[in-house]
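Results of the structural survey
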Amino acid sequence: MIEQQENAMETRRITVLSAGLGVPSSSRLLADQLAAAAERHLTGAGLSVRVDVVELRDLAVDIANNFVTGYAAPRLAEVIAGVEASDGIISVTPVFSASYSGLFKSFIDVLDPKSLDDKAVLLGATGGTDRHQMVLDYALRPLFSYLRTRIVATGVFAGPQDWGTTDDGGSSLSDRIDRAAGEFTRLLEGPQPGRKPAPMESLPFEQLLAGISGNG
């Protein structure tokens, strides 16, 4: 009975894209907090969760080479396949010149534009001043709307002042993260229109031959 219950539990695959350039970076810190909150909400909703975190900084050379050669190196190809197979995406970018970073946009550009159709997306951004928070609505949201994704209503921007706590032990950033994670979870409940069908497994010839012989 326990095994049947485990098999019946649906799994949601989440890919977290962090475009931070530093080590550590505030973008990665925000991405980790968003992912942890989403996992907590999804688990509470009775869903199993798989979270894959991608540091785009580590793929910068492969992304640039992809533009020149039209070929994705194995590591980049694996990440692209993971994004396509995901149910939901958490995207966090630092703000440069009042928009998303060039590294972040370059990665989005190497994806098949149709690969994000109907996927749930939670948007996050970090910057050095609150004046940059409009990047969520004037840059990121139009980009992911163009890609026909289902975008969480609450985007999360974090500036330097957001990493502290208030006198009552909470923080406005924590509240925004929790609200966004709850909305993300509601998008991920039920059938997922953006889920890419699992590829058919290719069995070794010996196994196929053994199966034929067994049936004979």
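Shown above is the structure to which this text applies.
Attention in this report is confined to the structure presented alongside it. (Residues numbered from 1 in each chain as written. Predicted model: local features only at pLDDT ≥ 70, side-chain atom pairs only at ≥ 80, totals over all residues. Heavy atoms only, no water.)

Considering the packing of helix α3 (residues 60-69) against helix α5 (residues 102-110)
Running from amino to carboxyl end, α3 crosses α5 at an angle of 50°, the nearest separation of the two axes being 10 Å. By the criterion of interaxial angle, the relationship of α3 to α5 is oblique. Relative to α5, α3 is oriented so that their crossing is left-handed. Seen from α3, the contacting residues are A60, I63, N66 and F67; seen from α5, they are L103, S106, F107, D109 and V110. (Axes fitted to C-alpha atoms, helices over the stretch in contact; angles between N-to-C directions. Helix = DSSP H or I, 4+ residues; strand = E, 2+ residues; numbered from the N terminus. Parallel < 35°, antiparallel > 145°, perpendicular 65-115°, else oblique. Left-handed = near helix turned anticlockwise from the far one by under 90°. Contact = heavy atoms within 4.5 Å.)

A short note on the nonpolar core
In terms of nonpolar packing, the biggest core is built from 33 residues, with L56, F104, F107, I108, L140 and F144 touching the most fellow members. For this core, the elements supplying multiple residues, two or more each, are α4 (74-85), β3 (88-96), α5, β5 (120-126) and α6 (135-146). Of the residues forming this core, the biggest block, 6 residues, is contributed by α6. Each residue touching I108, except ones within four places of it in the same chain, is listed here: L143, F144 and L147. With 24 residues, the next largest nonpolar core counts A38, L47, V49 and V156 among its residues. (Core = buried A, V, L, I, M, F, W, Y, C linked by side-chain atoms within 4.5 Å. Buried < 20%, exposed > 50% of the residue type's maximum accessible area, 1.4 Å probe, protein only.)

Looking at helix α7 (residues 172-188)
Across its 17 residues, α7 extends 24 Å between first and last C-alpha, which sits within 8% of the 24 Å expected from 1.5 Å per residue. Every buried residue belonging to α7 is among L173, I177, A180, A181, G182, E183, F184, T185 and L188, and all of these are buried. Looking at the packing, one finds that the buried side of α7 touches β1 (11-18), α2 (26-44), β3, β5 and β7 (156-158). The first or second residue beyond α7 is G190, which carries a positive phi of 80°. (Expected span 1.5 Å × (residues − 1).)

Here we look at α3
Among all positions of α3, only D62, I63 and N66 are buried. Mapping the buried residues of α3 onto a view down its axis gives an arc of 100°, with all of them on the same face. Residues of α3 that are exposed and angled more than 90 degrees away from the buried face: V61 and V68. At its buried positions, α3 is contacted by α4 and α5. Two residues or fewer after α3 comes G70, characterised by a positive phi angle close to 75°. (Arc of directions from axis to C-beta.)

Some remarks on the packing of aromatic side chains
Tallying each qualifying case throughout the model produces 2 aromatic pairs. On the basis of an interplanar angle of 45° and a centroid distance of 6.1 Å, the ring pair of Y100 and F104 is categorised as tilted. Using a relative accessible area of 19% as the deciding quantity, one classes Y100 as buried. With a centroid separation of 6.2 Å and 55° between ring planes, the pair formed by F104 and F144 is classed as tilted. A residue pair is termed long-range when its members are at least 10 positions apart, and F104 in helix α5 and F144 in helix α6 qualify at 40 residues. Assessed through its relative accessible area of 0%, F104 is described here as buried. Through pairs of rings, three or more aromatic residues link up here, namely Y100, F104 and F144. (Phe/Tyr/Trp six-rings, centres within 6.5 Å; stacked < 30°, edge-to-face > 60°.)

Keep in mind that these numbers describe shape and distance, not what the molecule does.
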